[in-house]
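Chain by chain, the residues:
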Amino acid sequence: MESASAALRADVVLVGGGLANSLVALRLKALRPGLRVLLLEREATIGGEHTWCHFETDVDAAIGGWLRPLIVHRWTGYEVRFPAHSRRLPTPYLAITSKRLHEVATRVLGADAWTSVAVVDVNPHQVTLADGRRIVAGAVIDGRGARRSKRLALGWQKFVGQDLRLSTPHGLSAPIIMDATVSQTDGYRFVYVLPLDAHRLLIEDTRYSDGPGLDRASLSAAIADYARGQGWTIEAVEREEHGVLPIALGGDIDAYWREARPQVAEVGLRAALFQPTTGYSLPDAARLADKIAALPRITSASVRACVEAHSKATWRKRRFLRLLNRMLFRACAPEERYRVLERFYRLSVPLIQRFYAARLTWRDKARVLIGKPPVPIPAAMKCISESSVFGGQDA
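Going along each chain's sequence as written, the residues are numbered from 1 onward. Owing to the predicted nature of the model, reporting of local features is limited to residues with pLDDT of at least 70; listing and counting of side-chain atom pairs is limited to 80 or more, with chain, interface and lining totals taken over all residues. Where side-chain values are given, they derive from all heavy atoms of the structure, hydrogens and water being excluded.

Participant: Explanation requested: the overall build of the protein chain in the structure shown.
Facilitator: A tally of regular secondary structure across the protein chain gives 12 helices and 17 strands. A globule of 395 residues ought to have a C-alpha radius of gyration of about 21 Å, and the protein chain, at 21 Å, matches this closely. Projected onto the principal axes, the alpha-carbon positions of the protein chain cover approximately 65 × 55 × 40 Å. Contacts spanning at least 24 positions in sequence make up 76% of the contacts within the protein chain whose residues lie at least 6 apart. Every helix listed is a DSSP run of H or I at least four residues long, and every strand listed is a run of E at least two residues long, numbered separately from the N terminus. Radius of gyration: C-alpha atoms only; globule rule: 2.2 Å multiplied by the number of residues to the exponent 0.38. Any two residues whose heavy atoms approach within 4.5 Å are treated as being in contact.

Participant: I keep staring at the packing of helix H6 (residues 282-293) against helix H7 (residues 300-317) and nothing clicks. Help me out?
Facilitator: Angle between the axes and distance between the axes: these two values describe a pair of packed helices. Between N-to-C directions, angles span 0 to 180 degrees; the directions come from axes that are lines fitted to C-alpha atoms, helices contributing only their stretch in contact. Packing of H6 against H7 leaves a shortest axis separation of 10 Å and a crossing angle of 145 degrees. Here H6 runs over H7; the crossing is right-handed. Where H6 abuts H7, its residues Leu288, Lys291 and Ile292 lie against Val303, Cys306, Val307 and His310. Residues are grouped as follows: Ala, Val, Leu, Ile, Met, Phe, Trp, Tyr, Cys and Pro are nonpolar; Asp, Glu, Lys and Arg are charged; every other residue, Gly included, is polar. Partitioned by chemical class, the residues of the contact of H6 with H7 number 5 nonpolar, 1 polar and 1 charged. Crossing handedness is read from the near helix: turned anticlockwise from the far helix by less than a right angle, it gives a left-handed crossing, and turned clockwise, a right-handed one.

Participant: Is there a simple way to explain the packing of aromatic side chains in this structure?
Facilitator: The description of two aromatic rings rests on the distance between their centres and on the angle between their planes. Pairing of aromatic rings covers Phe, Tyr and Trp, the last through its six-membered ring, and needs centres within 6.5 Å; plane angles under 30 degrees mean stacked, over 60 mean edge-to-face, and all others mean tilted. The final tally for this structure, using the stated rule, is 17 aromatic pairs. Summarising the aromatic geometry, the rings of Tyr93 and Tyr192 are spaced 6.5 Å apart at their centres and angled 70 degrees between planes, so their arrangement reads as edge-to-face. Of the two residues, Tyr93 is situated in strand S7 (residues 93-97) and Tyr192 in strand S14 (residues 188-197); the sequence distance between them amounts to 99 residues. Across the pair, Tyr192 and Tyr93 agree in class, each one buried. Seen in terms of ring centroids, Tyr188 and Phe190 are 5.2 Å apart; in terms of plane orientation they differ by 35 degrees. Their pairing is tilted. Among the aromatic residues, those joined into a ring-pair cluster are Phe55, Trp75, Tyr78, Phe82, Tyr93, Tyr192, Tyr280, Phe344, Tyr345, Phe355 and Tyr356. The lysine or arginine in question, Arg147, covers the ring of Tyr256, its NZ or CZ lying 3.9 Å from the ring centre. Throughout this description, buried means an accessible area under 20% of the type-specific maximum (1.4 Å probe, protein chains only), exposed means over 50%, and partly exposed covers the range between. As a reminder, the over-ring test applies to NZ of lysine and CZ of arginine, requiring each to be within 6 Å of the ring centre and within 35 degrees of the ring normal.

Quick look at the structure:
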């Protein structure tokens with residue numbers, strides 16, 4: 001790290017060492033190696049304690065290629081389980097861990113990956129640290145997680161995940177992306193299971209809830225109960241992660257960006273870039289990293305203009321997904337929400353792939369809506385407009 005008395009200058013300063021900024025750093029160093037890129041993270045490691053997953057079909061082959069060094073696990077398919085329907089699907093599923101992200105980012109950035117540093121002020125050309133140092137840069141990019149705003153109406157996906165070592169082999173060959181055969185509590189509840197090796201599993205208890213409050217102790221206990229119910233004996237909890245992710249119901253994306261600090265680029269969840277229904281952020285973060293690295297000039301103004309335009313265009317393209325979310329959160333009784341997903345997972349594999357990739361065609365949209373609705377029709381009709389989630393005011 002630079003000494004306190006040194007002149008601190010860089011071409012790009014990335015504030016926050018989460019997924020989005022880490023991918024921007026990796027693409028800038030790969031495509032613009034002459035730039036000095038500083039990554040600032042307040043915690044001791046980059047990426048925190050997280051596992052980011054995506055389907056192979058969520059990104060194009062070029063992005064899949066440069067993400068490959070980050071991939072820790074790859075499975076050739078996955079399972080879903082519901083009370084009246086279970087299924088094995090053939091889409092490959094991939095996982096990146098925060099440990100691997102930290103290893104790769106620190107190797108690529110070297111001494112320019114700064115951890116355990118607190119930032120107290122961010123403006124378009126300067127970042128001020130808590131110890132008084134200032135870093136001057138041509139581009140400052142803020143990736144410090146979601147920015148709360150009354151301009152976006154949100155539901156919440158809350159989870160606690162534990163990396164468990166079992167006393168005997170678990171017997172799973174593929175992830176269980178949704179096991180909704182569990183009791184329905186605090187909204188739509190499902191358990192998510194990743195087989196890491198013969199004796200290790202990542203088990204997450206997940207709730208699609210109306211509020212963001214997370215009772216970690218309760219969800220941890222639910223994980224233990226689930227493992228017992230599957231006949232697995234936990235030998236050790238090796239690691240725990242938790243999170244509260246936004247699920248988009250509606251919003252005014254133009255007003256949201258008007259609230260942001262002028263000329264400061266915001267990325268990741270802060271830029272409202274996430275799959276509206278699943279909360280997955282990795283594909284959007286990778287696509288944005290490519291866009292930023294390809295800009296003719298990397299300045300705060302050029303990056304802000306690029307990200308803002310991309311965020312707005314992406315938000316508008318995903319209007320249908322927000323409609324589905326309103327059906328899930330506002331037209332369903334919380335304990336009945338699982339029926340929407342149970343019905344969805346009877347659809348074709350290509351359609352499900354396009355849904356996760358947020359690339360539904362108009363035929364896909366019609367197919368999703370055709371048939372007996374899993375929600376009451378009068379309640380569904382009240383959710384058609386995005387303004388319905390703002391008490392009738394324009395969204």
